[in-house]
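# Coordinate analysis (summary)
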Amino acid sequence: MTERIYIFDTTLRDGEQSPGISLNQREKVEIAEQLARLEVDIIEAGFPVSSTGEFEAVKNIAKNVKGPVICALARADRNDIDWAWEAIMFAERPLIHTFLSTSEYHMKYQIKKTPKQVVDMARDAVTYARKYTENVEFSAMDATRSDPKLLYQVFTEVIKAGATVINVPDTVGYTIPDEFEALIKGIMENVKGIEKVVVSVHCHNDLGLAVANSLAAIGAGARQVECAINGLGERAGNCSLEEIVMVLNTRKDATDMTTGVKTREIYQASRLVSMLTGYNVQPNKAIVGENAFAHESGIHQDGVLKNRATYEIMSPEDVGLVESEIYLGKHSGRHALKTKLEEMGFYLDDKGLERAYVRFKELADKKKEVAVKDLEAIALDEIRTLEELFQLDYMQSSSGTGAIPIAAVKLSREGKSYEATSTGDGQVDAVCRAVLKATKVRAKLVAYQVQAITKGLDAMGDVTIKLEIEGHDMVGRGVSPDIIEASARAYINAINRAVQKGLFEKKKLARKATSAHAPRPKAKTKAKTKAKPKAKAQPQE
Ligand code: KIV
Ligand code: ZN
């Protein structure tokens, strides 16, 4: 009989740990809502103890996103677990995910604990988390480089303490399929109580084997796969959600496994994550890359025209890849724009809608027809824009043969205006310098890329940049029919991410973290006991 594999999405936790990504609360909720439409089983919403912003974002998701289990990460530490619970307790189905390293490398050099201490800490963490909820996952970090005997012992103890899911992470992406399969088999055979829990795997992609390893683990008895949209995650990323889901979907004949994922939402999820994180999808990426369903050679085109099955093993429609139709024209009003955006799943507030409308009108004046992808790009640009962060109110630039390029910008933030002019090596350079001058931010441009959103010379430009700010890489993205404006928007977006991350206001943010966390809600509807988290936020793992 076909068996069900649970899809645990960690785009908002491990995915967000990718360098340069720093999603704001609105972006996180937007992605979580798309994950709910995708019908993943579990959304790992974040690591609440890491910062006040992260805590609030997880809480927001737990309160508002319905359908999947909402999970929060916590180290094997009571204070972490308190914060995790406080963030997710209002979810329909909350899950605490606690983890501890079990490999020699991590025990000796990083956490400085003996195997006995690790067993005790893991047991204690699960027992403690179970006081809050009956859904507790335990991960043995760096499991694939751990002594299997220690793994059996730790897993046996945490199951006894009440863990409902045990997770086997290939934290450094080191294992290979046969070896991982054998490890999972060993766990299935040697861990007491294993039949009562779900066995999960969490594979990183350092050797490009995350999907293959997850599949091998399923063959050995794992029934949950942790994965991320577009394969985002630490370093080379995690197992890609779209790939593992489509493997199981397309090769059900061979695996006899299925998932509950609504595959037609995959493409939209991939685009949303890419647009909001600023991480572009490589054109030849399986399932969601621009070329994933493109047939270039004459022989292939000929075959596909005669019968798609000649060169296609799945249909683009199955992953939600449909040609964008024309949606609106220059005579469409605010109401039509709002209705269309809501049909597409974007709910903007009044100010955001007004800004989107102005940009839509400008675009509709330039192009007669505004496509779905254009509307989507404008909506996502507005979702990225928060009132408390810098916004572009105005920009102008000029250049010419023999003339020095010059640009002027006017930005606003919380009612205050920031203006500057600058010259540059070209118009893009001039406008970006003006943005830095206006915001008084020092940054080094590490990467710059421009793509067209739709086909044709009148297409919107989609600029992705990477800036080094205060020693951190920050990714920024901006769209506009004018690539100079798109570049300015991308710069502002990267600067805003640095602001959100607290790179300019460390002291102030530390105080905020303390005061925001200090008064805890009294009644915990689902808690079995009360605990007092320490007020101080911990650094990101
Ligand atoms: O890679 C890893 O080990 C993790 C754990 C927290 C599950 O992300
Ligand atoms: Zn990980």
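So, how was this worked out
Residues numbered from 1 in each chain as written. Chains lettered and ligands numbered in written order. Predicted model: local features only at pLDDT ≥ 70, side-chain atom pairs only at ≥ 80, totals over all residues. Heavy atoms only, no water. Pairing = 2+ DSSP bridges. Helix = DSSP H or I, 4+ residues; strand = E, 2+ residues; numbered from the N terminus. Axes fitted to C-alpha atoms, helices over the stretch in contact; angles between N-to-C directions. Parallel < 35°, antiparallel > 145°, perpendicular 65-115°, else oblique. Left-handed = near helix turned anticlockwise from the far one by under 90°. Contact = heavy atoms within 4.5 Å. Nonpolar A, V, L, I, M, F, W, Y, C, P; charged D, E, K, R; others polar. Domains from an automatic or database assignment. Buried area = accessible area lost by both parts, 1.4 Å probe. Salt bridge = Lys/Arg side-chain N within 4 Å of Asp/Glu carboxyl O. Polar contact = N/O pair within 3.5 Å; in protein donor to acceptor, adjacent residues only side chain to side chain. pLDDT = per-residue confidence, 0-100. Near = heavy atom within 4 Å. Areas by Shrake-Rupley, 256 points an atom, 1.4 Å probe, with all protein chains shown as cover. Patch = residues over 30% accessible without salt bridge, like charges linked within 9 Å, V, L, I, M, F, W, Y side chains within 5 Å. Buried < 20%, exposed > 50% of the residue type's maximum accessible area, 1.4 Å probe, protein only.

### Comments concerning the sheet that holds strand 17 (residues 461–469)
Here we have three strands laid out as an open sheet, ordered 16-17-18, and antiparallel in their pairing. Two strands close off the open sheet at either side, each with one partner strand: strand 16 (443–452) and strand 18 (472–480). Going across the sheet, the axis of each strand differs from the next one's by a mean of 15 degrees, ignoring polarity. Here nine bridges tie strand 17 to strand 18, and the two strands are oriented antiparallel to one another. Within strand 18, the position partnered with T464 by the bridge is R477.

### Remarks on the packing of helix 5 (residues 115–130) against helix 6 (residues 148–161)
Running from N to C, helix 5 and helix 6 point in directions that differ by 25 degrees, and their axes come no closer than 8 Å. Overall, the two elements helix 5 and helix 6 adopt an arrangement that is roughly parallel. The two elements helix 5 and helix 6 cross, and the hand of that crossing is right-handed. Along its contact with helix 5, which presents P115, V118, V119, A122, R123, V126, T127 and R130, the element helix 6 presents L150, Q153, V154, E157, V158 and A161. Grouping the amino acids of the contact of helix 5 with helix 6 by side-chain chemistry returns nine nonpolar, two polar and three charged.

### Some remarks on the domain arrangement of the protein
When the domains of the protein are assigned, the result is domain 1 (3–277), domain 2 (294–321), domain 3 (334–384) and domain 4 (391–500). A straight line from the C-alpha centre of domain 3 to that of domain 4 covers 21 Å. Summed over both sides, the interface of domain 3 with domain 4 buries roughly 1100 Å², with 54% coming from carbon and sulfur. On the domain 3 side of the contact with domain 4, R359, K367 and R384 bury the most area, a combined 42% of that side's loss. Seen at the junction of domain 3 and domain 4, the total is zero salt bridges. Inspection of the domain 3/domain 4 interface yields three residue pairs in polar contact (both at pLDDT 80 or more). Listed by contribution, the elements that provide at least two residues to the side of domain 3 that touches domain 4 are helix 14 (350–366) and helix 15 (372–384). For the side of domain 3 that touches domain 4, the element with the highest residue contribution is helix 15, accounting for six residues. Here the residues of the side of domain 3 that touches domain 4 sort into four nonpolar, no polar and eight charged.

### Remarks on the confidence of the model for the protein
Overall, the predicted model of the protein reaches an average pLDDT of 89, with 92% of residues at or above 70. In the model, residues 507–532 has pLDDT below 50 throughout and makes 44 contacts with residues more than four positions away in sequence or in other chains. Every residue in residues 535–541 scores below 50 in pLDDT, and together they form 24 contacts with partners more than four places removed in sequence or on other chains.

### Side note on the site of ligand 1
In the region of ligand 1, the neighbouring residues are R13, D14, H97, F99, S139, M141, N167, P169, T171, H202 and H204. R13 places a polar side-chain atom, nitrogen or oxygen, 2.9 Å from an oxygen atom of ligand 1. The contact in question runs from an oxygen atom of ligand 1 to an N or O atom on the side chain of H202, over 3.1 Å. In the complex, the protein chains occlude 96% of the 260 Å² of accessible area that ligand 1 would expose alone. Elements that contribute at least two residues to the shell around ligand 1 include exactly strand 5 (94–101), strand 6 (136–141) and strand 7 (165–170).

### Focus: a nonpolar patch on the surface
The grouping of L445, Y448, V450 and I483 at the surface amounts to a nonpolar patch, some 310 Å² of accessible area in total. Element by element, the count of residues in the nonpolar patch is highest for strand 16, at three residues. With respect to the secondary-structure elements, L445 resides in strand 16. Relative accessible area serves as the criterion here: at 39%, L445 is assigned to the partly exposed category.

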